[in-house]
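Coordinate inspection notes
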Amino acid sequence: MPLWLQAGLWGLLAGSALLVGAAVGYAVRLPVRLIAGIMAFGAGVLISALSFDLMDEAFHQGGFIPTALGFLGGAGVYSAANLVLARHGARHRKRSGGQQPSEAEAEGSGMAIAIGALLDGIPESIVIGVSLIAGGAVSMVAVAAVFLSNVPEGLSSAAGMKRAGRSKGYVFGVWSGIALISGFASLIGYVIFRGFSPAVVAGTTAVAAGAILAMLADTMIPEATEGTHNLTGLITVLGFLAAFVLSKLGG
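Residues numbered from 1 in each chain as written. Predicted model: local features only at pLDDT ≥ 70, side-chain atom pairs only at ≥ 80, totals over all residues. Heavy atoms only, no water.

What about the packing of aromatic side chains?
Heads up, the rule is: Note on aromatic contacts: the rings of Phe and Tyr and the six-membered ring of Trp form a pair at centre separations within 6.5 Å, being stacked when their planes are under 30 degrees apart, edge-to-face when over 60 apart, and tilted otherwise. In DSSP terms, a helix is any run of H or I states spanning at least four residues, a strand is any run of E spanning at least two, and both are numbered starting from the N terminus. The buried label applies to any residue whose accessible area, calculated with a 1.4 Å probe on protein chains only, is under 20% of its type's maximum; exposed applies above 50%, and partly exposed to all values in between. Whether a charge sits over a ring depends on NZ of Lys or CZ of Arg being within 6 Å of the ring centre and within 35 degrees of the ring normal.
Counting across every chain of the model gives four aromatic pairs. On the numbers, 5.6 Å between centres and 70° between planes, the contact of Tyr-26 with Phe-172 is edge-to-face. On the criterion of sequence distance, the pair formed by Tyr-26 in helix H1 (residues 3-27) and Phe-172 in helix H6 (residues 168-193) is long-range, its members being 146 residues apart. Relative accessible area serves as the criterion here: at 14%, Tyr-26 is assigned to the buried category. What makes Phe-172 partly exposed here is its relative accessible area of 22%. Relative to Phe-240, the ring of Phe-52 lies with its centre 5.6 Å away and its plane at 70°, an arrangement referred to as edge-to-face. Of this pair, Phe-52 sits in helix H2 (residues 32-62) while Phe-240 is found in helix H8 (residues 232-250), placing the two residues 188 residues apart along the sequence. On the basis of relative accessible area, Phe-52 is assigned to the partly exposed category, the value being 37%. The partly exposed category is assigned to Phe-240, whose relative accessible area is 27%. Joined through ring pairs, the aromatic side chains of Phe-52, Phe-240 and Phe-244 make up one cluster. When the ring centre of Tyr-26 is taken as origin, the NZ or CZ atom of Lys-162, which lies over that ring, is 4.9 Å away.

Laid out in structure tokens, this is it:
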């Protein structure tokens, strides 16, 4: 199987976890505290993955300067885009409670939430595609980390969308579309960057890592903290440890 197709399929697999989470969040009325706990665990998984897999790999490939510039650039671009979307009703797109506005309360918020969810998923997908460039095999740690973190993202967001009165067609249309785009983004990540120098690949990986960390601080951790309060840190550490163990077993 060609590597570009492998990249797309791995990205689609990781993105499909959003749909799995959304199905659970929409069909079952889970306690907000439980959803928040799952979100905290997913945040810990991603923090571990970007620390020990993404940033470390970027540093070894391209050195400190491309890694640092990419990391700051990714965080800056994500934060700017997130600020714009927040002003149009997507600030609470990952919240499972009643924070998400309905279309009647904020016209255009449905589209903003969909774009915001896409914004959150693109960096993760690109990382999966880029991971095939170095050794010709996908980083299973990256795929597992994205999959494990996508389940609570889809779960929490879908629960919030349902409470905001959005239709089943809208909810599953959004997450199905993002799962497909995740596969395409992973494919594009491999195809576009395989011809570039290690420094450019390192910078791209760091950009994605910066965007992911900014996303965690802006969206996932606030949702987790609101529901789990003083247990957020402990649950996040458990997620971090799970991904750390996975990275060492995979190495």
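Continuing now.
Describing helix H5 (residues 140-163)
Spelled out, the test is: To estimate the expected span of a helix, count its residues, drop one, and scale the result by 1.5 Å.
The end-to-end C-alpha distance of H5 is 35 Å, a good match for the 34 Å that 24 residues give at a rise of 1.5 Å each. Judged by how many residues are buried, H5 sits mostly within the fold: 17 of 24 residues are covered. Looking at the residues trailing H5, positive phi occurs at Gly-165, about 90°.

Section: a positive patch on the surface
Selection rule: Excluding any residue in a salt bridge, patches collect residues exceeding 30% relative accessible area, merging like charges within 9 Å and nonpolar Val, Leu, Ile, Met, Phe, Trp and Tyr side chains within 5 Å. Note on areas: these come from Shrake-Rupley sampling with a 1.4 Å probe, and a residue is covered only by the protein chains present in the view. Salt bridges are identified by distance alone: a Lys or Arg side-chain nitrogen within 4 Å of an Asp or Glu carboxyl oxygen. This count recognises Lys and Arg as positive and Asp and Glu as negative, with His and chain-terminal groups excluded. Charged groups are reduced to one reference atom each: NZ for lysine, CZ for arginine, CG for aspartic acid, CD for glutamic acid.
A cluster of like positive charges, contributed by Arg-29, Lys-162, Arg-163 and Lys-168, occupies part of the molecular surface. With respect to the element layout, Lys-168 can be found in helix H6.

Things to note about H2
Our working rule: Note that bend, as reported per residue, equals the angle between axes fitted to the 7 residues terminating at that residue and the 7 residues originating from it.
Across its 31 residues, H2 extends 42 Å between first and last C-alpha, which sits within 8% of the 45 Å expected from 1.5 Å per residue. The largest bend in H2 amounts to roughly 40° and is located at Leu-50. A positive phi of about 90° marks Gly-63, the residue just after H2.

A word on the layout of surface pockets
The gaps of empty space that remain are located by a probe, the size of a water molecule, rolled over the atoms. Applied cut-off: A cavity here means a set of points on a 1 Å grid, drawn over the protein atoms and nothing else, where a 1.4 Å probe fits but cannot get out; a pocket is an open set with protein on both sides within 12 Å along at least five of seven lines, and a residue lines either one if it has an atom within 4 Å of a point. Grid points are joined across faces, edges and corners, and a volume is the space filled by probe spheres set on the points. Three categories are distinguished: nonpolar for Ala, Val, Leu, Ile, Met, Phe, Trp, Tyr, Cys and Pro, charged for Asp, Glu, Lys and Arg, and polar for the others, with Gly belonging to the last.
Taken as a whole, the second largest pocket holds about 240 Å³ of empty space. Lining of the second largest pocket is provided by 14 residues; of these, Ile-122, Pro-123, Ile-126, Val-207 and Ala-211 occupy positions nearest its centre. Elements represented by at least two residues in the lining of the second largest pocket include exactly helix H3 (64-90), helix H4 (109-135), H6 and helix H7 (198-228). A class-by-class count of the residues in the lining of the second largest pocket yields eleven nonpolar, three polar and no charged.

Some details on a nonpolar patch on the surface
A contiguous nonpolar surface patch, about 890 Å² in accessible area, is contributed by Met-1, Trp-4, Leu-5, Leu-9, Leu-12, Leu-180, Val-191, Ile-192, Phe-196 and Val-200. Counting residues per element, the nonpolar patch draws most heavily on H1, which supplies four residues. When you line up the elements, Leu-5 lands in helix H1.

Here's the deal with unusual backbone geometry
Unlike most non-glycine residues, His-229 shows phi in positive territory, near 55°. Here His-229 shows up in the loop between H7 and H8. For His-229, a relative accessible area of 49% corresponds to the partly exposed category.

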